Every structure is written in structure tokens, then in C-alpha cells.
Amino acid sequence: MSFQGGVTHAEILAICFGVQLGKEFDCSSIIVELDSLNTVQVVASSDECYLTYGALIEDLKERIRLFGSCSFKYVRRNLNDIAHRIATLYPTLSPWEGVWMDTLPSAICTDPTL
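Definitions and limits used
- Numbering of residues starts from 1 in every chain and runs along the sequence as written.
- In keeping with the model being predicted, local features are shown solely for residues with a pLDDT of at least 70 and side-chain atom pairs are shown and tallied solely at 80 or more, while totals for entire chains, interfaces and linings include all residues.
- Each side-chain value is derived from all of the structure's non-hydrogen atoms; neither hydrogens nor water enter the calculation.
- Nonpolar core, defined: a set of buried Ala, Val, Leu, Ile, Met, Phe, Trp, Tyr and Cys residues in which side-chain atoms within 4.5 Å join the residues together.
- Relative accessibility under 20% of the residue-type maximum defines a buried residue, over 50% an exposed one, and the middle range a partly exposed one, all with a 1.4 Å probe and only protein chains included.
- A run of H or I in DSSP counts as a helix once it spans at least four residues, and a run of E counts as a strand once it spans at least two, with each numbered from the N terminus.
- By definition, residues are in contact when any of their heavy atoms lie within 4.5 Å.
- Angles shown run from 0 to 180 degrees and are taken between the N-to-C directions of axes, each axis being a line fitted to C-alpha atoms and, for helices, limited to the stretch in contact.
- Working definition: roughly parallel below 35 degrees, roughly antiparallel above 145 degrees, roughly perpendicular at 65 to 115 degrees, and oblique for all remaining angles.
- Helix crossings get a hand from a simple test, with the near helix turned counterclockwise from the far one by less than a right angle marking a left-handed crossing and a clockwise turn marking a right-handed one.
- Amino acids outside the nonpolar list (Ala, Val, Leu, Ile, Met, Phe, Trp, Tyr, Cys, Pro) and the charged list (Asp, Glu, Lys, Arg) are all regarded as polar, and Gly is one of them.

Peer 1: Explain the nonpolar core here, please?
Peer 2: If you look at soluble globular proteins, the nonpolar side chains tend to sit buried side by side. With 16 residues, the main nonpolar core has I15, V19, V32, V43, L60 and F72 as its most contacted residues. Counting residues per element, the ones that place at least two in this core are α1 (6-24), β1 (29-34), α2 (37-44) and α3 (54-64). When residues of this core are assigned to their parent elements, the largest contribution, 4 residues, is made by α1. Ignoring any residue separated from it by four or fewer positions in sequence, one finds V43 in contact with I12, I15, I57, L60, K61 and F72.

Below you can see the structure in the form of C-alpha cells.
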């Protein structure tokens, strides 16, 4: 499996952030959906990771062991349009607009194509 450089690194960091939020909210189980099959395979593998971001991935694997249940699922991008739009929108937001707990950003909620 080959890494895609910065994209995979960003995905791994996003998963780490999500896992941390899951722990802070005292979740007992989590489901992580990604549109990168490569990232799903690397993170879900029981093998030790010796790739560029291996230490980060191994740290993530340790963190997910703290949950009663954690699964990683591949979802094709065209089936996960909202997540793709949020990822596209995110760089344009101010720092305090970057995390949503109960509602999505208005740019997503008012989009008639969703």
C-alpha cells in the first residue's frame, strides 16, 4: 500500500481528532467513514505500520482500543457528498467555525443540491 503524502496524513490527523472527541464525549463505540480505501486498510490492519506516518497510525490504533467498539468503513466520495462539501468548505471558515457539535454550517444546510 502506498501513501498519498499530505492527503493521507491529513486524513489520519482528522481521525485522531475525531477519536479524541469521541473519548471526550464518553462514547463507547465509534464508526469512522472515509473515502480513502487505502487509509481504511492501513488503519484497520492489525499489522504494525512501517510507512511514513507509521508512528501516528500506531498511536491511533492504541487510542481506538479504548473504545468498546470501533469500525472503519470505506464510503465512495460520491455517496458521501456532505462530508466532501464540508472538507471543501473548511479552509474558508474562521477557527471558531471549524467544529460543529449539533448543527452543520449554514452553507451546507441551505444548499439545495443536498
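On we go from here.
Peer 1: What is the right way to look at the packing of α1 against α2 in this model?
Peer 2: For any two helices packed against each other, the geometry comes down to the angle between their axes and how far apart the axes lie. In the contact formed by α1 and α2, the axes pass within 10 Å of each other and the chain directions differ by 55°. When the interaxial angle is binned, α1 and α2 end up oblique. Between α1 and α2 lies a crossing whose hand is right-handed. Taking contact as the criterion, the partners of T8, E11, I12 and I15 in α1 are, on α2, N38, T39 and V43. Residue composition of the contact of α1 with α2, grouped by class: 3 nonpolar, 3 polar and 1 charged.

These figures come from the coordinates and say nothing about function on their own.
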